[in-house]
Amino acid sequence: MERTFLMIKPDGVQRGLVGDIISRFETKGFTLVGMKAMTVSKELAEKHYAVHRDKPFFGSLVDFIISGPVIAMVWQGNGVITSARKLIGATNPLSAEPGTIRGDYGLTIGRNIIHGSDALETAEAEIDLWFDAGELIAWESCQRPWLYE
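Per an unreviewed UniProt entry, the protein chain goes by Nucleoside diphosphate kinase and derives from Halomicronema hongdechloris C2206. Listed in UniProt under the heading Cofactor (unreviewed entry), the comment for the protein chain reads: "Mg(2+)". One UniProt comment on the protein chain, placed under Subunit (unreviewed entry), says "Homotetramer."

Okay, structure coming up:
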C-alpha cells in the first residue's frame, strides 16, 4: 500500500477545518496510519522546506508553519498520493477547482490550508522527517474488500 504525508497547516487548524479535511480522506476510502497535533520547531520547518531555501519566500514559509499548531498525518491506500493531490487542489487557491480543499477554503497562496506530498520519493522523505517508525500503525480497514477487491 502506498503512503503519503499530509499536514493541515496553522490556518486550517485555526479555522476549525481539521474534521472536514480528515473526513474527505476517510470518505475517499484511505486509511489513517499516523496523526499528531504539534507545534513545529524552526529546525523541522527549515528541513521540510529545504528545497526552497534559496527562494525569496523561504523565510515566510518557515515563519508561517511555526506560527501555530499543525496536524501531521500519514494516509495509506492505492494511489493515495495522486488522489490526495486531487482532493487538495492547486497550490494557489485562486486556481483550485471548487470541491477541492484549497478551492473550497483557501484564499491566498500563503494561506492554503494543507500540504501534501507530490511524489512517492517526497512522501517517503517527509514521512521519515515528521514521524518515527513507532508512531505509525499497521492496520487494515474492514472496508478494504469493498474498496479494492
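Right, picking up where we left off after that structure.
Please explain the overall build of the protein chain as it appears in this structure.
The helix and strand inventory of the protein chain stands at eight helices and four strands. Counting from the amino terminus, helix and strand elements in the protein chain follow one another as β-α-α-β-α-α-β-α-α-β-α-α. By the compact-globule yardstick of 15 Å for 149 residues, the protein chain fits well, its C-alpha radius of gyration being 15 Å. By its C-alpha atoms, the protein chain is 50 × 35 × 25 Å across when sized along the principal axes. Counting across all 149 residues of the protein chain, residues that qualify as buried make up 44%. Within the protein chain, contacts between residues at least 6 apart in sequence are counted, and of these 77% link residues at least 24 apart. Here the protein chain displays about 8000 Å² of accessible surface, and carbon together with sulfur accounts for 53% of that area. If you average the places of the 15 positive and of the 19 negative side-chain charges in the protein chain, the two averages end up 4 Å apart.

What exactly am I supposed to notice about the side chain of histidine 115 here?
Note that histidine 115 resides in strand β4 (residues 114-116). With residues up to four places along the chain from it excluded, the contact list for histidine 115 reads Phe5, Leu6, Met7, Lys9, His48, Ile88, Arg102 and Glu126.

Looking at this structure, I do not really get the sheet that holds strand β2 (residues 31-38). What am I missing?
The strand order β2-β3-β1-β4 describes an open sheet built from four strands, whose pairing is antiparallel. Of all the strands in the sheet, the pair left with one neighbour each is β2 and β4. Ignoring which end each strand starts from, the neighbouring axes of this sheet average 15° apart. In terms of strand pairing, β2 meets strand β3 (residues 70-76) through seven bridges, oriented antiparallel. Residue methionine 35 lies in a different strand from β3, and its bridge partner there is methionine 73.

Conventions adopted
- Counting restarts for each chain, with residues numbered from 1 along the sequence as it is written.
- Where local features are concerned, this predicted model is filtered to residues with pLDDT of at least 70; where side-chain atom pairs are given and counted, the filter is 80 or more; whole-chain, interface and lining totals use all residues.
- Computation of side-chain values covers all heavy atoms of the structure but excludes hydrogens and water.
- UniProt positions are given in the numbering used here, feature names are shortened, and annotations may be inferred rather than shown by experiment.
- Think of it this way: any DSSP run of H or I at least four residues long counts as a helix, any run of E at least two long counts as a strand, and we number them from the N terminus.
- In this description the radius of gyration comes from C-alpha coordinates, and the expected globular size is given by 2.2 Å times residues to the power 0.38.
- The buried label applies to any residue whose accessible area, calculated with a 1.4 Å probe on protein chains only, is under 20% of its type's maximum; exposed applies above 50%, and partly exposed to all values in between.
- Residue contacts are defined here by distance: any two heavy atoms, one from each residue, within 4.5 Å place the two residues in contact.
- Using the Shrake-Rupley algorithm and a 1.4 Å probe, accessible areas are obtained, with residue cover drawn only from the displayed protein chains.
- Charge assignment in this entry is limited to Lys and Arg as positive and Asp and Glu as negative, and neither His nor the chain termini are counted.
- The location of each charge is read from NZ of Lys, CZ of Arg, CG of Asp or CD of Glu.
- When DSSP finds at least two bridges between two strands, those strands are taken to pair.
- Axis definition: a line fit to C-alpha positions, over the contact stretch in the case of helices; interaxial angles, taken between N-to-C directions, run 0 to 180 degrees.

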